[in-house]
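This is what each chain is made of:
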Amino acid sequence: MTEPTRAQLAARDAEDALSRFRERFALPASVIYLDGNSLGALPRATLGRLARVAGREWGEDLIAGWTTHDWMAMPLRLGDKIARLVGAGAGEVAVCDSTSVNLFKLLSAALSLRPERRVILSQDDNFPTDMYVAQRLVESLGGDHTLRLVPAAEVAGAIDDEVAVAMLSHVDYRSGRLHPMDRITAAAHARGALMLWDLSHSVGAMPIELAGCAADLAVGCGYKYLNGGPGAPAFAYVARPLQDEIRPALAGWMGHRAPFDFDGRYRPAAGIARLLVGTPPVLALAALEVGVDLLLEADLAELRRKSVALTELFIALADARLARYGFELASPRAPGERGSQVCLRHREGYPIVRALAARGVIGDFRPPDILRFGFAPLYIRYVDVWDAVAALAEVMETGAWREPEFRHRAAVT
Ligand SMILES: *Cc1c(COP(=O)(O)O)cnc(C)c1O
């Protein structure tokens, strides 16, 4: 590919069907934000929505707000919206808790659905929280269960008749590898196992077909491509036929059949509602709803098409302009095997990411040597990709990354 000029890319932005979404976000003018896969940007409408919900609904209506504004219904109402982003049906998604807590609930539910099987299978380089949750769940069950970890590419082949549930990230948080959901889910089912997908790095960046793949269980994150805000609630999906059979190990009054009966005995609600535990975080749900509504306005196929075009452009420019400085591509080269992020590998990754951030280009670093760049297709432009690579080339050419101030590790990288 011949390198495009910046002017050609600006023309491409002008024609882009999704370009109108960028102005719906409050992005600082001096920043190129390639970290929306870690914390999504702020939708402009979120500020007004929060002011309304806090100022008017809470401030004026106080406890009546639970009924007047139907706050109680938010977890499932918002779940039905997210269902449209992940190819699930109404009543198959609940919005609650964090991704970590939802993993715990769904893994324990999966074990209860396959009592004769004793193995949770996952990838050995999964996002750490996914592994910690599985480790402690297995330990807490008294020694009969095990967590079996294999390289991600070997998960499908490692499912045997001891595996109760296989858990995999749809898009790997570090490499950006996109796993074929249909093929791996079918492999799990062929061996009688359940399949649990972590959609944290794919939801909001591409169409997902949970029902189309007959996936059993899934979780996903609200603060990445869904732009729900720092620590936004997460979601959990349970395929309809399983819902009334699951017995998650964590229960609370919001998942009771009749919370306001104050019944002393837990009787699970019918359907997806039994995944709810505590009182809905109304302010956080309101903010998340704004992000989800924005995505529902976009055509998801168009979103994926742009995401692929952005990552292809970044890789082409990096090949042409950065290889000479010792960068290597750490993400799959085939676009069909890649999510909406590109990772480069470099021995001095950390100070390079810091020096880049000092120039307003925000990516992040994952040990030991990964520079990670996310391309949220709703608000990243083609010219941003060009400018980011130019800044990276300049950081290397000038040796700016060698400044001692860039070596000091911040608490959140
Ligand atoms: C971001 C992410 C999480 C986040 O979990 P929290 O409980 O929200 O902190 C979990 N798993 C994966 C794969 C992620 O990418």
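That block above? That's the structure.
This one's a predicted model, so the numbers in the text were calculated from it and none came from an experiment. Here the residue numbers are simple positions, counted from 1 along each chain's written sequence. The model is predicted, so local features are restricted to residues of pLDDT at least 70 and side-chain atom pairs to those at 80 or more, both for listing and for counting; the totals for chains, interfaces and linings are taken over all residues. Heavy atoms from the whole structure form the basis of all side-chain values; hydrogens and water molecules are not counted.

Caption draft 1: Representation of the pairing of strand β3 (residues 119-123) within the structure. Burial analysis of β3 places five of its five residues in the buried class, the great majority of the element. Sheet topology note: the β3/strand β4 (residues 146-150) ladder contains five bridges and is parallel. Opposite leucine 121, over in β4, you have arginine 148 as the bridge partner. When the strands point away from the viewer and the path from the first strand over the helix to the second turns clockwise, the crossover is right-handed. Put simply, DSSP H or I for four residues or longer makes a helix, DSSP E for two residues or longer makes a strand, and each gets a number counted from the N terminus. For the handedness criterion, the β-α-β arrangement of β3, helix α6 (residues 128-140) and β4 is classed as right-handed. Three labels apply to residues, based on accessible area from a 1.4 Å probe with only protein chains included: buried if under 20% of the type maximum, exposed if over 50%, partly exposed otherwise in between. At least two bridges found by DSSP between two strands are what make those strands a pair.

Caption draft 2: Spotlight on the sheet that holds strand β9 (residues 328-329). Taken together, four strands build an open sheet; the order of strands is β9-β10-β13-β12 and the sheet is antiparallel. Of all strands in the sheet, those with a lone pairing partner are β9 and β12 (364-366), marking the two edges. Looking at chain direction, strand β10 (residues 341-345) and strand β13 (residues 370-374) are connected through five bridges and run antiparallel. Bridged to arginine 345 within β13 is isoleucine 370. Any two residues whose heavy atoms approach within 4.5 Å at even a single point are treated as in contact. Comment: axis = line fitted to C-alpha atoms, over the contacting stretch for helices; angle = value between 0 and 180 degrees taken between N-to-C directions. Most of the contacts of helix α10 (residues 300-321) go to β10, to which it runs at about 20 degrees, and overall it touches β9, β10 and β13.

Caption draft 3: Seen up close, the site of the ligand. By convention in this text, a residue qualifies as near a molecule or strand provided that one of its non-hydrogen atoms is within 4 Å of it. What surrounds the ligand is the set Ser98, Thr99, Ser100, Phe127, Thr129, Asp130, Ser169, Asp198, Ser200, His201, Tyr223 and Lys224. Take aspartate 130: an N or O atom from its side chain is 2.8 Å from a nitrogen atom of the ligand. Computed by Shrake-Rupley with a 1.4 Å probe, the accessible areas treat only the displayed protein chains as cover when residues are assessed. Coverage of the ligand by the protein amounts to 88% of the 390 Å² it exposes when considered alone. The set of elements that each furnish at least two residues to the shell around the ligand consists of α5 (99-113) and α6. In terms of residue class, the shell around the ligand is made up of two nonpolar, seven polar and three charged. Residues adjacent in sequence count toward polar contacts only when both atoms are side-chain atoms; beyond that, a polar contact is any pair of N or O atoms within 3.5 Å, and within protein one must be able to donate a hydrogen and the other to accept it. Residues were grouped as follows: Ala, Val, Leu, Ile, Met, Phe, Trp, Tyr, Cys and Pro as nonpolar; Asp, Glu, Lys and Arg as charged; and all remaining residues, including Gly, as polar.

Caption draft 4: A look at a nonpolar patch on the surface. In this scheme, patches are assembled from residues that exceed 30% relative accessible area and form no salt bridge. Like charges are connected within 9 Å, while nonpolar side chains (Val, Leu, Ile, Met, Phe, Trp, Tyr) are connected within 5 Å. Note on definitions: salt bridges are taken to be side-chain nitrogens of Lys or Arg within 4 Å of carboxyl oxygens of Asp or Glu. Together, Trp58, Leu62, Ile63 and Leu283 line one region of the surface with nonpolar side chains, adding up to about 460 Å² of accessible area. Take leucine 283: its relative accessible area is 36%, and that puts it in the partly exposed class.

Caption draft 5: Structural view of the pattern of salt bridges. One pass over the structure, following the stated rule, counts 25 salt bridges. Of the charged contacts, one joins arginine 345 and aspartate 369 as a salt bridge, the two residues approaching to 3.7 Å between their closest N and O atoms. One end of the pair, arginine 345, is in strand β10; the other, aspartate 369, is in the loop between β12 and β13, and 24 residues separate them in sequence. Residue arginine 345 is classed as partly exposed on the basis of its relative accessible area, which comes to 33%. Here aspartate 384 and arginine 381 are joined by a salt bridge, their closest N and O atoms 2.9 Å apart.

Caption draft 6: Geometry of the nonpolar core. Remark: nonpolar core denotes a set of buried residues (Ala, Val, Leu, Ile, Met, Phe, Trp, Tyr, Cys) joined through side-chain atoms within 4.5 Å. If you look at the biggest cluster of nonpolar residues, it comprises 100 residues, and the most contacted ones within it are Val86 and Leu199. At ten residues, helix α12 (residues 382-398) tops the list of elements feeding residues into this core. Apart from residues no more than four positions distant in its own chain, leucine 199 is found in contact with Val86, His170, Met181, Ile208, Leu210, Ala218, Val219, Gly220 and Phe235. Counting residues in each nonpolar core, the second largest holds 29 residues, with Val133, Val165, Val219 and Ala236 among its members.

Caption draft 7: Region of the structure containing the environment of arginine 84. On the secondary structure map, arginine 84 appears in helix α4 (residues 74-86). Each C-alpha atom of the pair arginine 84 and isoleucine 208 lies 9.1 Å from the other, and the pair is 124 residues apart in sequence. With residues near it in sequence (within four places) discarded, arginine 84 still touches Leu296 and Leu300.

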